[in-house]
Amino acid sequence: APLIRREDYLAPAYWIRRADLCFDLDATKTIVSSKLTIERNTTQDVQPLKLHGEDLNLLRVLVDGHSVSFRQEGALLIIDAPAADAFTLEIRNTVSPEKNTQLSGLYASGGGLYTQCEAEGFRRITFFQDRPDVMAVYTVTLRGDKKKYPVLLSNGNLVEQGELDAGRHYAKWHDPFPKPSYLFAIVAANLVAREQWVRTRSGKDHLLQIFVKRGDLDKTEHAMNSLIASIVWDEARFKLPLDLERFMIVAVDDFNMGAMENKGLNLFNTKFVLASTATATDVDFDGIESVVAHEYFHNWTGNRITCRDWFQLSLKEGLTVFRDQEFSMDMAGSASARAVRRIGDVRTLRERQFPEDGGPMAHPVRPDVYQAIDNFYTATVYEKGAELVRMMHTLVGREGFAAGMGLYFERHDGQAVTCDEFAQAMADANPHSALAQHLDVFKRWYAQAGTPRLVAHGESDAESGRYTLRLSQSNTPSAGQPYKQPNLLPIAIGLLDRNGQPLQLQLEGEDAPAGTERVLVMTEAEQSFTFIGLPTADVVPSLLRGFSAPVLLKDGLSDADLLVLMAHDTDAFNRWEAAQRLGVNALRAALTHDDTPVLDAAFVEALRTLLRDPSLDPAFKELALTLPSEIYVADLVENIDPQRLHAAREAMLDQLASALQADWAWAFEHYQVRGGYLPNAEQSGQRALTNLALAMLVRHAVASGDNVWPGRAYQRFKDASNMTDRLGAIEALVNAHAELATPALERMHALFKDEALVLDKWFALQGRAAERGGKVFARIKQLMQHPDFTLGNPNRARALLFSLTAMNPAAFHRTDAAGYVFWADRVIELDAINPQLASRFARGLDRWRNLAEPYRSAAREAIARVAAKPELSGDTREIIDRALQ
Ligand code: B3K
Ligand code: ZN
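A quick note: this is a predicted structure, and the numbers were derived from the prediction, not measured.

Q: What exactly am I supposed to notice about helix 23 (residues 794-807) here?
A: At 3.6 residues per turn, the α-helix brings residues three or four places apart onto the same side. Helix length check: helix 23 (14 residues) gives 17 Å between terminal C-alpha atoms against 20 Å at 1.5 Å per residue, more than 12% under. Of all the bends found along helix 23, the most pronounced is centred on Leu-801 and spans about 40°. Every buried residue of helix 23 is accounted for by Pro-794, Asn-795, Arg-796, Ala-797, Ala-799, Leu-800, Leu-801, Phe-802, Ser-803, Leu-804 and Thr-805. Turning to helix 23, the residues buried within the fold contact strand 21 (265-269), helix 21 (756-767), helix 22 (775-783), helix 24 (809-812), helix 25 (818-833) and helix 26 (835-842).

Q: What should I look at first to understand the sheet that holds strand 31 (residues 552-554) in this one?
A: In any sheet, the strands associate via hydrogen bonds between backbone groups, in a parallel or an antiparallel arrangement. Sheet architecture is open: four strands sit in the order 29-26-25-31, paired in mixed fashion. What marks the edges here is a single partner per strand, and that holds for strand 29 (526-531) and strand 31. Along the sheet, successive strands turn relative to each other by an average axial angle of 20°, direction set aside. Pairing between strand 25 (residues 453-461) and strand 31: three bridges, direction parallel. In the sheet register, Val-455 faces strand 31, and the bridge partner there is Lys-554.

Q: Help me understand the domain arrangement of the chain in this model?
A: Frequently, the measure chosen for interface size is the accessible area that the parts lose on association. Per the domain assignment, the segments making up the chain are domain 1 (4-190), domain 2 (307-447) and domain 3 (453-556). Using only C-alpha atoms to locate each centre, domain 1 and domain 3 end up separated by 55 Å.

Q: What should I look at first to understand the site of ligand 1 in this one?
A: Among the 15 residues in the neighbourhood of ligand 1, the closest are listed as Glu-118, Ala-259, Glu-261, Glu-295 and Tyr-382. Take Glu-261: an N or O atom from its side chain is 2.8 Å from a nitrogen atom of ligand 1. Asp-374 has a polar side-chain atom sitting 3.1 Å from a nitrogen atom of ligand 1. In isolation ligand 1 exposes 330 Å². Once the protein is present, 94% of that is buried. Mapped by element, the contributors of at least two residues to the shell around ligand 1 are strand 20 (259-260), helix 2 (282-298) and helix 3 (313-332).

Q: I would appreciate a short explanation of the coordination of the zinc ion (ligand 2) in the present structure.
A: Octahedral metals with six donors have ideal donor angles of 90 or 180 degrees. Tetrahedral metals with four donors have an ideal donor angle of 109.5 degrees. Those donors, His-294 (NE2), His-298 (NE2) and Glu-317 (OE), are the protein atoms that reach the zinc ion (ligand 2), and they lie 1.9 to 2.0 Å from it. Mapped onto the sequence, the donors of the zinc ion (ligand 2) take the spacing H-x3-H-x18-E. Note that His-294 and His-298 are positioned in helix 2 at a spacing of four residues, about one turn of the helix. Both residues of the pair, His-294 and His-298, count as buried.

Q: What am I meant to see in the nonpolar core here?
A: Counting 286 residues, the largest nonpolar core has Leu-89, Phe-422 and Trp-823 as the members making the most contacts within it. For this core, the element with the most residues is helix 5 (residues 379-412), which contributes 13 residues. When neighbours within four sequence positions are excluded, Trp-823 is seen to be in contact with Thr-805, Phe-812, Phe-841, Ala-842, Gly-844, Leu-845, Ala-862, Ile-863, Val-866 and Ile-880.

Q: Got a minute to help me understand the environment of Met-566 in this structure?
A: Assignment of secondary structure puts Met-566 in helix 10 (residues 559-568). According to the relative accessible area criterion, Met-566 is buried, its value standing at 1%. Setting aside residues up to four positions removed in sequence, Met-566 forms contacts with Arg-575, Ala-578, Ala-579, Leu-582, Phe-603, Ala-606, Leu-607 and Leu-610.

Q: Would you take a moment to explain unusual backbone geometry for this structure?
A: Working note: non-glycine residues mostly have negative phi, and peptide bonds are mostly trans. Residue Ala-119 is bonded to the preceding Glu-118 through a cis peptide linkage, with omega at -5°. Here Ala-119 is to be found in the loop between strand 11 (112-116) and strand 12 (135-145). Geometrically, the link from Glu-853 to Pro-854 is a cis peptide bond, its omega value of 5° lying close to zero. Looking at the element boundaries, Pro-854 is found in the loop between helix 26 and helix 27 (855-867). With a phi angle near 55°, Ala-166 is a residue other than glycine that sits in the positive phi range. As for its position among the elements, Ala-166 is in the loop between strand 14 (157-163) and strand 15 (168-180). Residues other than glycine seldom take positive phi values, yet Lys-239 does so here, at roughly 60°. By the secondary structure assignment, Lys-239 is in the loop between helix 1 (221-238) and strand 19 (246-252). For Lys-239, a relative accessible area of 72% gives the class exposed.

Q: Would you mind going over the side chain of His-393 with me for this structure?
A: Tracing the backbone through its elements, the reader meets His-393 in helix 5. Within the structure, His-393 has its side chain in polar contact with the side chain of Arg-237 (distance 3.4 Å). Other than its neighbours up to four places away in sequence, His-393 contacts Arg-237, Phe-322, Arg-398 and Phe-401.

Q: Would you mind showing me how to read the sheet that holds strand 27 (residues 489-497) here?
A: Overall, antiparallel pairing links the three strands, which are arranged 28-27-30 in an open sheet. Every interior strand has two partners, whereas the edge strands, strand 28 (518-522) and strand 30 (539-542), have only one. The mean angle between the axes of side-by-side strands here comes to 40°, regardless of whether they run parallel or antiparallel. By the bridge criterion, four bridges tie strand 27 to strand 30 in an arrangement that is antiparallel. Among the inter-strand pairings, Asp-497 is bridged to a residue of strand 30, identified as Val-539. Docked against the sheet, helix 10 engages strand 27 and strand 30, running at close to 65° with respect to strand 30.

Definitions and cut-offs
- Residues numbered from 1 in each chain as written.
- Chains lettered and ligands numbered in written order.
- Predicted model: local features only at pLDDT ≥ 70, side-chain atom pairs only at ≥ 80, totals over all residues.
- Heavy atoms only, no water.
- Helix = DSSP H or I, 4+ residues; strand = E, 2+ residues; numbered from the N terminus.
- Expected span 1.5 Å × (residues − 1).
- Bend = angle between axes of the 7 residues up to and from the residue.
- Buried < 20%, exposed > 50% of the residue type's maximum accessible area, 1.4 Å probe, protein only.
- Contact = heavy atoms within 4.5 Å.
- Pairing = 2+ DSSP bridges.
- Axes fitted to C-alpha atoms, helices over the stretch in contact; angles between N-to-C directions.
- Domains from an automatic or database assignment.
- Near = heavy atom within 4 Å.
- Polar contact = N/O pair within 3.5 Å; in protein donor to acceptor, adjacent residues only side chain to side chain.
- Areas by Shrake-Rupley, 256 points an atom, 1.4 Å probe, with all protein chains shown as cover.
- Donors = N, O, S within 2.8 Å, 3.2 Å for Na, K, Ca; no water.
- Core = buried A, V, L, I, M, F, W, Y, C linked by side-chain atoms within 4.5 Å.

Here it is in structure tokens:
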């Protein structure tokens, strides 16, 4: 496939102002009649009109009602010389939804018809200038069998509906907001809706609807509550009201990602809509809240102001992730619950985005080049993009940020713009901020790939009471970027004395101390900051509080320093981080020395103290008492041996299970939730901690041949009144390889055989189970043959396959290479069905160069075997080629 470059951007040669579409719906063959009102872009010379089309069967083309000469060249329909500067173009074509296993364009799922158009799916419905800067007003008529498709939906408002002959009916929708084609959607299916009217601040009433299959209605309450909360929040925090008379969410079983923000008609993976106490975990409830919010927030950041071209994807995605993160923090409430959310977000960033930025798919937040845009819906564009927005927020403050958003909408509402325009609005609204002063430096974050490294070195001078912090930053080369310039880093810091007391901060040149925390702004490769008036020379710095910049920090703190931070830091993030770093240090040591891996006594005691500390929230304790994941550590170490890492971490878990046994038993009892299930931050923290405690207790019991805790876990699994406890209990059994794991798995399957989303969990928990002697991998291969397994449903495929490659390094990376052989076979198999899903899965070996031998050579061989397949899709081809580059 050709490379598409950002620098080649040209405005379109034609504008499509209106699109009148009519669908004669049928799963085998749907007829699409399109009438487009087109104007030539008169700022350019006259050029041919080129429309995108993919997998379409063309029936006819008319210009102003007359036939016209046209040609088809590859995936383009070209009309060489349209007669006038303004004309109508009528096209008729057919598509086959039931043959569309890619789930992009118009496709069938469970008897209904659904669309997915972002990024380039609209061209799989009809011929169009399928690019985000072409915005049209859509009027859509849907005609179909009334029994099969009682519900007919599209964007905007319903303007007409009625009966037709032969048991058919129709509905006509009009969306008054001009929109790019990627936001177009239709649904034709047998669904029912939960409905709710809400009044926004201006006094307008709006209808909210959540469409699901009959029988799922009782699982939509949480999604509806999340939607209402999102509407209220966006109006309160950013003065952004709901602009639609009707806002619809439709849940669909077969969906390539989480959800899609089509104007007024969001389509959702059922996973992010349906929840009941019996079937969904706290994590699921949280996921629903944040995805519903994310898609709703896109209505302004994405739909009202959209992207000029796909290189600007982070303009809407980074900003909208930031907004949904802030929303979830505000919903969580307390300062501690906010910190817990921040820790979760940083974990995601470091486990997904950092490895991406250090591997073959490394790309800037605003990429310069791509082959298949679907490959760039990445952790970098989303999560790192959100960190860029968060840094701006840190630099201009909460009020300044709101002002920047205000100016952004004032300037660009209704337009398709670039990342530059967002940054400029933020800077212009805050002219005295460090962001405005160093805007060009800040914008390097959009342009440079790779995770910057920040090295900090502190020096005290006892006599003068000075403490000098020397900072230096660097960034390693990445593809196409041999040299990198320094970034603007907002570094939130505090200084503690040896007893953990916060010290007043006064920089050299300042008249008086200004509190115990501040943000240093670094813009150069090397910079020093000198604090004065310190009462002690024994200073422990707490740097990068709240993870104020997405960098790899090396501050040279000793384990003793980290123990001080872990016990006393007022910044909850850094308190957690200190515990993680002690864990990382121990794991690193285990990888370099041959003796039995152990955690040192002081660290174990510090963990015990933390677990017992009555002033800390259980959610925080659960995070602090969880050792750094194998995935995170693998990214920090070169030449990684996944088997050794797994063995070391397992040994340390055994040690923690045994050394803290009495404490785990105490925590398990002490933090039981009493009273009915609520999916809130407080209760979910308690459940998370009791589940961790139970896992530790079962682990220790199985290791020492004791049956009491496994028996209790099995009982809890059987009797649990909610899915979080049930899943926690069965995972404790499965991960410890307890004998009772087998009957528990059988029972869970029998209980939930008709609940697709629970079956996904059943597959996933086996896919990510702690490996022991190859048993887990063998079971995964066996589960491929299970009657409930299918590659055709993305959730199911992800549950089993992605759990292995993305979450279970020890089961995947085997010395006999069987994991890689399995991976290659599945990439090839999946690619023939669903290229977008396959290219995601293909990324499972992104970091092969970081592996030790024999893994590295075997991984390379597997990738090369996939590369040798001539029939690979463009999506998967790009990933595989980059992996080998
Ligand atoms: N914008 C969509 C993602 C579309 C992915 C296309 N391959 C969902 C979201 O980010 O909200
Ligand atoms: Zn999004």
